[in-house]
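Each chain, letter by letter, is given below.
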Amino acid sequence: MASFGYTFRKHWRKKRDDLRQAKYTREHDVLFKRKGATKALFIFMFVILTIFVISFLFPFAWILMNAFKPTSEFGLNMMGWPKDFTFQNFVDAFTFKDATTKNKSILEMLAMTVLIAGVGTLVTVFTSTCAAYVVAKYKFFGRNVIFAVVIFSLIVPIVGSLPSQMQMMKNVLHLDGTVIGCIFIYSGGFGANFLLLYSFFKNLSWTYVEAAKVDGANDFVIFFRIIIPMAKGPIIAISIIQLIGLWNDYQTPAIYLPKYPTLAVGLQFLFEKMQTLSYPMMFATIIIAILPILILFAAFSKTIMENTSVGGLKG
Amino acid sequence: MTRIVEQSNTTRRPRRKRRFLKASTIFVIVMLAYSVLHFLLMWVGVNFNSILLSFKSYNRNGTYSWLTGARFFENFELIFTNIGKNVDNYQSMLFSSLAFFVVSCFVTLPISLFFSYFIFKKILASGFFKVIFFLPSIIPLIILTTIYSITVGSNGPVGQLLNAMGIESANLFLTHTSSSWMIWIFCVWAGIGYDVILLTAGMSRIPRDILESCKMDGVPSFWEFIRIVIPLTWSTVTTLFIFGMMSVFTVFLQPWYLAPKVNTTWTIGTNIYFASKGGRALNAPAALGLFYSIIGAPIIVGTRALLNKFFGEVSY
């Protein structure tokens, strides 16, 4: 507990220092000093950006406020604070299930999402790491061909390969309707993750590996004991981005796992039903569904944004 | 005795070299095996099968048979017939899909560029703006669309405001024209954030020296934006433009989530998704996908090459 408190205080101290530094830069850096028409333009744009940000935040605030109202109050008091504050909507949201939701509650959907997105992330990040390391650091026959084909597959848009993929999953691999099938689709090692890790490994110093080789370590030991710990930063960042992507994925679980809906699939069933029953319960469901992602984002916002940016620039 | 051993050693050594692979070769094979197999199966195999499927017909017993002779291109002929006669809203599907190119490339991208410039120039609360702009990228699409439709719908605060202004908010997602507008507005609203993140990251790589010399020369913000910032972030702009072009084929859930009752707003992606979802007669959607890949791929690759020629590659 004490350790958590220390980490928390350390984090906030760092945050406060960053903010102070940003303020100082804005006020004293010659590059960002503005006057006259430029200053007016920046004030105008600040207002525009603020309006835009409010358009993002206001609906969430409105939903949060209404999630604590009884259904009877929502119809009469949509814009005001809850008069009869209740947590019942959250309790109902956790337990609600019927035929339209495939008899699955939000907790079961959450568990399925954790399983598929979690294992999918682990597998795909691992395969990407293995492939990227070998292609970046080892000279072998066909290395350039592999790299060129991966780039080609990422650049050239293929429209509608879904029908063929479905046929393959059903008739060839027989993985249709299974959790393993979903994870198998996610598990490819060649994708955007591969490119990010490839560029990291390409710039990685070979000195440690040479030293380990002199000491008699084989390639597997070097990879697991030296390379993976050295690549911990980018691997964690890619894992978080991948986890969010798989957490929100609709198509794969909707097609290949219709009987066991994940959160992204099941929420649609829940919303369809709840819109006819109780809006506040639907709002509570929304809050429950986005909370894990928001916590993850709050904890790793800097890592996520920096690495998303890098990924985009490489495209 | 020693000689014999030496002799036998010298004769054995080359054999061992031939018989066994080097340890590092085994390592490379083990590390790449899964990814290569997966790629061969799920990219090469799937796309090859997609081509084969589009030259087959679906039988009532659930099997597929090859189209031969005059019927060889039947699946593709059907696409042209459907577009010509507007069967299954093929014409509106084309229009709806192409509209996303305009929305992404000529509305979302310019607005994002403009916003990014001010965030890059450290406008007040720029860090906060960046974080908020990123939020739509991490929230599931079903939640974003639901929140948007409820807020704008008759029960929501914006809907009530619209009602007060004389606009029937209850009908916004019920007619083709209003639904299309609402979907496009949503795509701009939710899409700006991701573009802003990528663009500000691209802009942050611009060397400080260049910006300082602009400041010393008294270059106004507008010209700094047009002549310095855009050319130096052109690779990111090109990437986002290509993403925008690809949205013609990739956007499929937004129209369905927002206007499920107005299927004239559905895109190529939505149609392929629903045609495939039943798992039957996959030859028609496969042909549709192949048809648009043949048209779309060279256009997108060509546009990328063309855009790259606008400004020379600058390394800084």
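All figures in this text were calculated on a predicted structure; none of them were measured in a lab.

Enquirer: A description of the overall build of chain A should follow, citing residues and the corresponding values.
Expert: Scanning chain A from N- to C-terminus turns up 15 helices and zero strands. A compact globule built from 315 residues would reach a C-alpha radius of gyration of about 20 Å, whereas chain A, at 25 Å, exceeds it by more than 25%. With the C-alpha coordinates aligned to their principal axes, the bounding extent of chain A is approximately 75 × 65 × 45 Å. Looking at chain A as a whole, 49% of its 315 residues qualify as buried. Of the contacts made within chain A by residues no fewer than 6 positions apart, 66% connect residues no fewer than 24 positions apart. A total of about 16000 Å² of accessible surface is found on chain A, and carbon and sulfur atoms cover 67% of it. Each charge class in chain A can be summarised by its mean position, and for the 30 positive and 16 negative side chains these summaries are 8 Å apart.

Enquirer: Go over the overall build of chain B with me, naming the residues and quoting the values.
Expert: If you tally the helices and strands in chain B, you get 14 helices and two strands. Computed over its C-alpha atoms, the radius of gyration of chain B comes to 28 Å, more than 25% above the 20 Å expected for a compact globule of 316 residues. The dimensions of chain B, computed from C-alpha atoms along their principal axes, are 105 × 70 × 35 Å. Counting over 316 residues, chain B shows a buried share of 51%. In chain B, once contacts between residues fewer than 6 apart in sequence are set aside, the share between residues at least 24 apart is 67%. Surface summary for chain B: the accessible area is close to 15800 Å², and the carbon and sulfur share equals 65%. Between the mean site of the 25 positive side-chain charges and the mean site of the 11 negative ones, chain B shows a separation of 19 Å.

Enquirer: Give me the lowdown on the layout of surface pockets, citing residues and values where you can.
Expert: Of the volumes computed, that of the second largest pocket is approximately 2000 Å³. Considering the residues around the second largest pocket, the lining is formed by 45 residues, among which K15, D18, K302 and M305 of chain A together with G127 of chain B are closest to the centre. Of all the elements in the fold, those that place two or more residues in the lining of the second largest pocket are α1 (2–28) and α15 (279–314) of chain A together with α4 (90–120), α5 (126–138), α8 (176–203) and α9 (208–216) of chain B. Ranked by the residues each element gives to the lining of the second largest pocket, the list is headed by α1 of chain A, at 15 residues. Within the lining of the second largest pocket, the residues separate by chemical class into 23 nonpolar, eleven polar and eleven charged. Residue-level mapping places the lining of the second largest pocket at the junction of two domains, with at least three residues from each of domain 1 (2–95) and domain 2 (99–314) of chain A.

Enquirer: Describe the packing of helix α10 (residues 207–214) of chain A against helix α11 (residues 219–230) of chain A, with residues and values.
Expert: Any two packed helices are characterised by how steeply their axes cross, that is the angle between the axes, and by the distance between the axes. Residues and elements named next belong to chain A. For the pair α10 and α11, interaxial distance at closest approach is 10 Å and the crossing angle is 145 degrees. At the point where α10 passes α11, the crossing takes the right-handed sense. Residues Y208, V209, A212 and K213 of α10 form the contact with α11, whose own contacting residues are D219, I222, I226, I227 and M230. Of the residues belonging to the contact of α10 with α11, the class tally is seven nonpolar, no polar and two charged.

Enquirer: Got a sec to walk through the environment of S187 of chain A? Specific residues and values, please.
Expert: Residues and elements named next belong to chain A. Tracing the backbone shows S187 in the loop between α8 (179–186) and α9 (192–202). For S187, a relative accessible area of 1% gives the class buried. In this structure, the C-alpha to C-alpha distance between S187 and M230, residues 43 residues apart in sequence, is 23 Å.

Enquirer: I'd like a description of the confidence of the model for chain A, backed by residues and values.
Expert: Overall, the prediction assigns chain A a mean pLDDT of 86, with 96% of residues at 70 or greater. Counting interchain partners and residues more than four positions distant, the pLDDT-below-50 stretch residues 311–315 of chain A has eleven contacts.

Enquirer: Describe the packing of aromatic side chains, listing the residues and the values that go with them.
Expert: Applying the stated rule across the entire model yields 69 aromatic pairs over all chains. The interplanar angle of 80 degrees and the centroid separation of 6.2 Å between the aromatic rings of Y133 of chain A and F27 of chain B together place this pair among those described as edge-to-face. Taken together, the positions of Y133 of chain A in helix α5 (residues 106–137) and F27 of chain B in helix α2 (residues 23–53) put the pair across two chains. Neither Y133 of chain A nor F27 of chain B differs from the other in exposure class; each is buried. The interplanar angle of 70 degrees and the centroid separation of 5.3 Å between the aromatic rings of W181 of chain B and W184 of chain B together place this pair among those described as edge-to-face. Of the two residues, W181 of chain B and W184 of chain B both sit in helix α8, three residues apart, roughly one turn of that helix. Using a relative accessible area of 51% as the deciding quantity, one classes W181 of chain B as exposed. Sitting above the plane of the W66 of chain B ring, K56 of chain B keeps its charged end 4.9 Å from the centroid.

Enquirer: Give me the domain arrangement of chain A: which residues, what numbers.
Expert: Residues and elements named next belong to chain A. Each assigned domain of chain A is listed with its residue range as follows: domain 1 (2–95) and domain 2 (99–314). A straight line from the C-alpha centre of domain 1 to that of domain 2 covers 29 Å. Domain 1 puts 18 residues into the contact, and the matching count from domain 2 is 16 residues. Across the domain 1 to domain 2 interface the summed buried area is about 1400 Å²; carbon plus sulfur atoms make up 80%. On the domain 1 side of the contact with domain 2, I63, A93 and F94 bury the most area, a combined 39% of that side's loss. Applying the counting criterion to the domain 1 and domain 2 interface returns zero salt bridges. Breaking the side of domain 1 that touches domain 2 down by element, the ones donating at least two residues are α1, α2 (36–66), α3 (71–76) and α4 (88–95). Residue contributions to the side of domain 1 that touches domain 2 peak at six residues, all from α4. The residue makeup of the side of domain 1 that touches domain 2, split by class, is ten nonpolar, four polar and four charged.

Conventions we followed
Residues numbered from 1 in each chain as written. Chains lettered and ligands numbered in written order. Predicted model: local features only at pLDDT ≥ 70, side-chain atom pairs only at ≥ 80, totals over all residues. Heavy atoms only, no water. Helix = DSSP H or I, 4+ residues; strand = E, 2+ residues; numbered from the N terminus. Rg over C-alpha atoms; globule rule 2.2 N^0.38 Å. Buried < 20%, exposed > 50% of the residue type's maximum accessible area, 1.4 Å probe, protein only. Contact = heavy atoms within 4.5 Å. Areas by Shrake-Rupley, 256 points an atom, 1.4 Å probe, with all protein chains shown as cover. Lys, Arg positive; Asp, Glu negative; His and termini not counted. Charge placed at Lys NZ, Arg CZ, Asp CG, Glu CD. 1 Å grid on protein atoms, 1.4 Å probe; cavity = no way out; pocket = protein on both sides within 12 Å on 5 of 7 lines; lining within 4 Å. Points joined across faces, edges and corners; volume = space filled by probe spheres on them. Nonpolar A, V, L, I, M, F, W, Y, C, P; charged D, E, K, R; others polar. Domains from an automatic or database assignment. Axes fitted to C-alpha atoms, helices over the stretch in contact; angles between N-to-C directions. Left-handed = near helix turned anticlockwise from the far one by under 90°. pLDDT = per-residue confidence, 0-100. Phe/Tyr/Trp six-rings, centres within 6.5 Å; stacked < 30°, edge-to-face > 60°. Lys NZ or Arg CZ within 6 Å of the ring centre and 35° of its normal. Buried area = accessible area lost by both parts, 1.4 Å probe. Salt bridge = Lys/Arg side-chain N within 4 Å of Asp/Glu carboxyl O.

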